[in-house]
Number of protein chains: 2
Amino acid sequence: MPVSLDEVYIAVIGAGRVGNCFLKQLAYLRKSCPSPCLRLCYIGIIGRALHHVDYSEVEIDTALGKLKSQGQAPPSIPWIIDYLAAAPSKVVLVDNTSASDLAEAYPLFLRRGISIMTPNKKAFSGSYQLWQDIFSGAKSAGSHLFHETSVGAGLPIISTLKDLIVTGDEITQGGGQKWSVTVRKAKQLGYTEPDPRDDLNGIDIARKLTILSRLAGLPIESPTSFLLQNLVPQELQAVQSGEEFLQRLPEFDNQMEMHKAAAEREGKFVRFVGSIDMPSREVKVGMERFARSHPIAALQGSDNIISFYTRRYGENPLIVEGAGAGGDVIAMGVSGDLLKTLPHIAW
Amino acid sequence: MPVSLDEVYIAVIGAGRVGNCFLKQLAYLRKSCPSPCLRLCYIGIIGRALHHVDYSEVEIDTALGKLKSQGQAPPSIPWIIDYLAAAPSKVVLVDNTSASDLAEAYPLFLRRGISIMTPNKKAFSGSYQLWQDIFSGAKSAGSHLFHETSVGAGLPIISTLKDLIVTGDEITQGGGQKWSVTVRKAKQLGYTEPDPRDDLNGIDIARKLTILSRLAGLPIESPTSFLLQNLVPQELQAVQSGEEFLQRLPEFDNQMEMHKAAAEREGKFVRFVGSIDMPSREVKVGMERFARSHPIAALQGSDNIISFYTRRYGENPLIVEGAGAGGDVIAMGVSGDLLKTLPHIAW
């Protein structure tokens, strides 16, 4: 008979848009899944952290308030690893940041038996060496790693890709993400990074493609090691602030209109997409033309669309589509990962 | 430390279109996942079954051939349950049939600790009492049940719905499936049941809606307990054969053209869809009109589309789309379920 562990310790780092939603969902999970008991034992943000030396529980509902009133300067990452590795039961680190230094320490956490759930793209789209260290670290200690939300927020993209591969299907092609010329509006709606150039330079979608390519079996070296079209006009790449960029962008509206008009003459429209072609091992991000009947035509707001072309699905791809950003849906994906991990670690 | 079981016994019933593909994928899984070892101990089809009293392995690659040459008349379901419950390790029943009698016995399998993976809709869209018996049976014995493929074949629909619910989102609406007026062509392409009326009467989509409604928390009594528009003209409902039905269907083409023309005058088109409205608890299957920009417009072939409207996703639904039929993609979903179950049962 399997023996259940009564408790799983949870360490949460990051309490911004995603972390905040995640804490609410964690409180919900703690009540709705009585076994194993999820105990928050560490919470940290930039400049502050809260934990107890005896691992006694940090109450989730009041954690953020207490973090502000009683929090201390955060300990170093090696100290956090030692602290969590010595916990009296299994531990899951939930990294809701997009911090590189934490991402680079994942192999150290995993090798000490600490499982990780995270939307942080940095770890999986950094160097290929880091990718390998992460997975070999997890394997060596039997710790677990879920990062569904590192691509497409709460959409079931990574799990779908893994299912396709692990059951022996062959991916032929995959990709897709909407590009909006209405940059300012997108920024006002909160769809872009603080500096919209971080979206328009393609690096965000390149990170996602790096992750999906690696999962599909291509040893992509880094998000900058394949063809990447930068939509930021060359003249604006060096301007200092995002605000100045937005002010000068109208000078380049004509250029974009020409692309659109050329596509329209073919009865098509333009989208900024990423694609992975497995047979030719080609990964690229750039503007492409699509027929009006293509599902990508109906995309709305900040929605993402991803199409999996596989041997089994043939010419009609498996498509997943929906909101690809937003604290609540990212947090949902992280919570979903956590629930999937519990049977792996708690028995 | 968790203790791994070395072996998981697999019983496969049904070796038609889905079962055949599943056996190939099982052979692949057996090789690619060395631990736990997946041992085929029972294989059955209508009229024949093969197993060894000492539970020694039935070689997967040659199972179908041996079933034909050495198979015996299949034992009764109670005998199969006793046989599997007495196996020396955990057992998973993979039901690749659409048999009602087997579906009705699920509670008996589950109560004896036998986990079940299946695309068989019958068990989950039968009476609500059977649904309750199935889940209470599984709970009482700690056995597991995955049926991703009972809705939308290999598409991640049920797992997505479960993730949405378990992380505390609220479903507001869900549904969708293409309806083709080109019935004969659809039949020739193998998209329909042998008698196409079994698709056009809406019962297939009603079964799927029943399953999704119940998972979302509505205690739907049966697939016939909600509004169901039968597309088979009343005059043809009683004709004896599917062939006669197809021959007489052109008499009713005008009727259908009128529906289409009326929608076109509004700039819309018609689809045969199912929908679940959670706030009003309304479930229905019927013809509805959609704007041309709706994603359902771009549907191809036998593709399914399902849109989840939830509190978190707001006005832009989470959409999953792709082939909703086909042996290989259904078998893929069953294999995926099996892989997800292993950590639950093998530790």
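Calculation rules
- Residues numbered from 1 in each chain as written.
- Chains lettered and ligands numbered in written order.
- Predicted model: local features only at pLDDT ≥ 70, side-chain atom pairs only at ≥ 80, totals over all residues.
- Heavy atoms only, no water.
- Helix = DSSP H or I, 4+ residues; strand = E, 2+ residues; numbered from the N terminus.
- Expected span 1.5 Å × (residues − 1).
- Buried < 20%, exposed > 50% of the residue type's maximum accessible area, 1.4 Å probe, protein only.
- Least-squares fit on C-alpha atoms with pLDDT ≥ 70 in both.
- Salt bridge = Lys/Arg side-chain N within 4 Å of Asp/Glu carboxyl O.
- Contact = heavy atoms within 4.5 Å.
- Buried area = accessible area lost by both parts, 1.4 Å probe.
- Polar contact = N/O pair within 3.5 Å; in protein donor to acceptor, adjacent residues only side chain to side chain.
- Nonpolar A, V, L, I, M, F, W, Y, C, P; charged D, E, K, R; others polar.
- Pairing = 2+ DSSP bridges.
- Axes fitted to C-alpha atoms, helices over the stretch in contact; angles between N-to-C directions.
- Phe/Tyr/Trp six-rings, centres within 6.5 Å; stacked < 30°, edge-to-face > 60°.
- Parallel < 35°, antiparallel > 145°, perpendicular 65-115°, else oblique.
- Left-handed = near helix turned anticlockwise from the far one by under 90°.
- Core = buried A, V, L, I, M, F, W, Y, C linked by side-chain atoms within 4.5 Å.
- Domains from an automatic or database assignment.

1. Brief notes about helix H11 (residues 203–216) of chain B
Residue and element names in this part refer to chain B.
Part 1: Compared with an ideal rise of 1.5 Å per residue, which puts 14 residues at 20 Å, H11 spans 20 Å between its outermost C-alpha atoms and is within 8% of the ideal.
Part 2: Of all the 14 residues making up H11, 13 are buried; the element is thus mostly covered by neighbouring parts of the structure.
Part 3: Positive backbone phi, approximately 110°, marks Gly-217, located one or two places after H11.

2. Some words on the relation of the copies chain B and chain A
Part 1: When chain B is fitted to chain A, the residual RMSD is 0.0 Å, and the transformation amounts to a turn of 180° plus an axial shift of 0.0 Å. The superposition operator between the copies reduces to a two-fold rotation axis. Measuring from the rotation axis to each C-alpha of chain B, the shortest distance belongs to Val-320 of chain B, at 2.3 Å.

3. Re the pattern of salt bridges
All names here are of chain A.
Part 1: Per the stated rule, a full pass over the model turns up 18 salt bridges over all chains.
Part 2: One salt bridge connects Arg-39 with Glu-7, and the closest N-O pair in it is separated by 3.1 Å. Of this pair, Arg-39 sits in strand E2 (residues 37–45) while Glu-7 sits in strand E1 (residues 7–13), and the two are 32 residues apart along the sequence.
Part 3: For Arg-30, the salt bridge goes to Glu-57, with nearest N and O atoms at 2.7 Å. Here Arg-30, found in helix H1 (residues 17–32), pairs with Glu-57, found in the loop between strand E3 (48–51) and helix H2 (63–70); they are 27 residues apart in sequence, far enough to count as distant.
Part 4: Note on Arg-30: relative accessible area 29%, which makes it partly exposed.
Part 5: One salt-bridge network, in which partners are shared between bridges, spans Lys-121, Asp-204 and Lys-208.

4. Concerning the interface of chain B and chain A
Part 1: Tallying the contact residues gives 42 residues for chain B and 42 residues for chain A.
Part 2: Taking both partners together, chain B and chain A bury about 3300 Å²; carbon and sulfur atoms supply 61% of that area.
Part 3: The largest contributions to the chain B side of the interface with chain A come from Arg-312, Tyr-313 and Met-332 of chain B, which together make up 17% of the buried area.
Part 4: For the pair chain B and chain A, the interface holds 2 residue pairs in polar contact (both at pLDDT 80 or more).
Part 5: Counting only elements with at least two residues in the side of chain B that touches chain A, the list comes to helix H1 (17–32), helix H8 (158–166), strand E12 (318–323) and helix H14 (327–345) of chain B.
Part 6: At 9 residues, the largest contribution of residues to the side of chain B that touches chain A is made by H14 of chain B.
Part 7: Grouping the constituent residues of the side of chain B that touches chain A by class yields 21 nonpolar, 13 polar and 8 charged.

5. Considerations on the sheet that holds strand E5 (residues 115–117) of chain A
Residues and elements named next belong to chain A.
Part 1: The strand order across the open sheet built from 6 strands is E3-E2-E1-E4-E5-E6, with neighbouring strands paired in mixed fashion. The sheet is open, and its two edges are formed by E3 and strand E6 (145–146), each paired on a single side.
Part 2: Two strands pair when backbone bridges link them, and strand E4 (residues 91–95) and E5 are joined in this way by 3 bridges, in the parallel orientation. Following the sheet pairing, Val-94 is matched in E5 by Met-117.
Part 3: Where H2 meets the sheet, its contacts fall on E2 and E3, and the angle it forms with E3 comes to roughly 115°.

6. Observations regarding the environment of Gly-314 of chain B
Part 1: Its location among the elements puts Gly-314 of chain B in the loop between strand E11 (303–310) and E12.
Part 2: Put simply, Gly-314 of chain B and Thr-172 of chain B are 142 residues apart on the chain and 9.1 Å apart in space, counted from C-alpha to C-alpha.

7. Regarding the sheet that holds strand E6 (residues 145–146) of chain B
Residue and element names in this part refer to chain B.
Part 1: Reading across the sheet, the 6 strands line up as E3-E2-E1-E4-E5-E6 and stay open at both edges, with mixed pairing between neighbours. Whereas interior strands pair on both sides, the edge strands pair on one side only; in this sheet they are strand E3 (48–51) and E6.
Part 2: Sheet topology note: the strand E1 (residues 7–13)/strand E4 (residues 91–95) ladder contains 5 bridges and is parallel. Among the inter-strand pairings, Tyr-9 is bridged to a residue of E4, identified as Val-91.
Part 3: In the packing of H1 onto the sheet, contacts are made with E1, strand E2 (37–45) and E4, and the angle to E2 comes to roughly 165°.
Part 4: Here helix H3 (residues 77–85) sits on the sheet and contacts E1, E2, E3 and E4; the angle it forms with E2, its principal contact strand, is near 170°.

8. As for the packing of aromatic side chains
Part 1: Throughout the structure, instances matching the rule amount to 16 aromatic pairs over all chains.
Part 2: An aromatic cluster is present here, built from Tyr-9, Tyr-42, Tyr-55, Trp-79 and Tyr-83 of chain A joined pairwise through their rings.

9. Re the packing of helix H8 (residues 158–166) of chain A against helix H11 (residues 203–216) of chain A
Describing two packed helices takes the angle between their axes plus the distance from one axis to the other.
All names here are of chain A.
Part 1: In contact at an axis separation of 10 Å, H8 and H11 are set at 20° when each is read in the N-to-C sense. The orientation of H8 with respect to H11, classified from their angle, is roughly parallel. Crossing of H8 against H11: the hand is right-handed. Contacts from Ile-158, Leu-161, Lys-162 and Ile-165 in H8 reach Ile-211, Leu-212, Leu-215 and Ala-216 in H11.
Part 2: When its residues are assigned to classes, the contact of H8 with H11 shows 7 nonpolar, no polar and 1 charged.

10. Concerning the nonpolar core
Part 1: Core analysis: the largest hydrophobic core is formed by 177 residues, its most contacted members being Leu-84 and Phe-109 of chain A together with Leu-84 and Phe-109 of chain B.
Part 2: With 8 residues, H14 of chain B is the largest single contributor of residues to this core.
Part 3: Look past the residues within four positions of Phe-109 of chain B in its chain and what remains in contact with it is Ile-77, Ile-80, Ile-81, Leu-84, Leu-93, Leu-102, Ile-114 and Ile-116 of chain B.
Part 4: In terms of nonpolar packing, the next biggest core, distinct from the first, is built from 27 residues, Val-8, Leu-26, Ala-63 and Phe-146 of chain A among them.

11. Observations concerning the pairing of strand E9 (residues 268–277) of chain B
Residue and element names in this part refer to chain B.
Part 1: For E9, the tally of buried residues reaches 8 of 10 residues, placing the bulk of the element in the interior.
Part 2: Pairing of E9 with strand E10 (residues 282–291), which is carried by 10 bridges, proceeds in the antiparallel orientation. Bridge pairing in E10 places Asp-277 opposite Glu-282.
Part 3: Two successive antiparallel strands, E9 and E10, enclose a turn made up of 4 residues, where Arg-281 displays a positive phi of approximately 55°.

12. Some thoughts on the domain arrangement of chain A
Residue and element names in this part refer to chain A.
Part 1: For chain A, the domain assignment lists domain 1 (7–154 + 328–344) and domain 2 (165–323).
Part 2: With centres defined by C-alpha atoms, the gap from domain 1 to domain 2 works out at 30 Å.
Part 3: Each partner contributes to the roughly 1200 Å² buried at the junction of domain 1 and domain 2, and carbon and sulfur atoms together form 66% of this total.
Part 4: Joining domain 1 to domain 2, the criterion identifies 1 salt bridge.
Part 5: If you look at where domain 1 meets domain 2, you find 4 residue pairs in polar contact (both at pLDDT 80 or more).
Part 6: Listing elements by their share of the side of domain 1 that touches domain 2, those giving two or more residues are helix H6 (122–125) and helix H7 (128–141).
Part 7: The biggest single contributor to the side of domain 1 that touches domain 2 is H6, with 3 residues.
Part 8: Considering only residue class, the side of domain 1 that touches domain 2 consists of 5 nonpolar, 6 polar and 2 charged.

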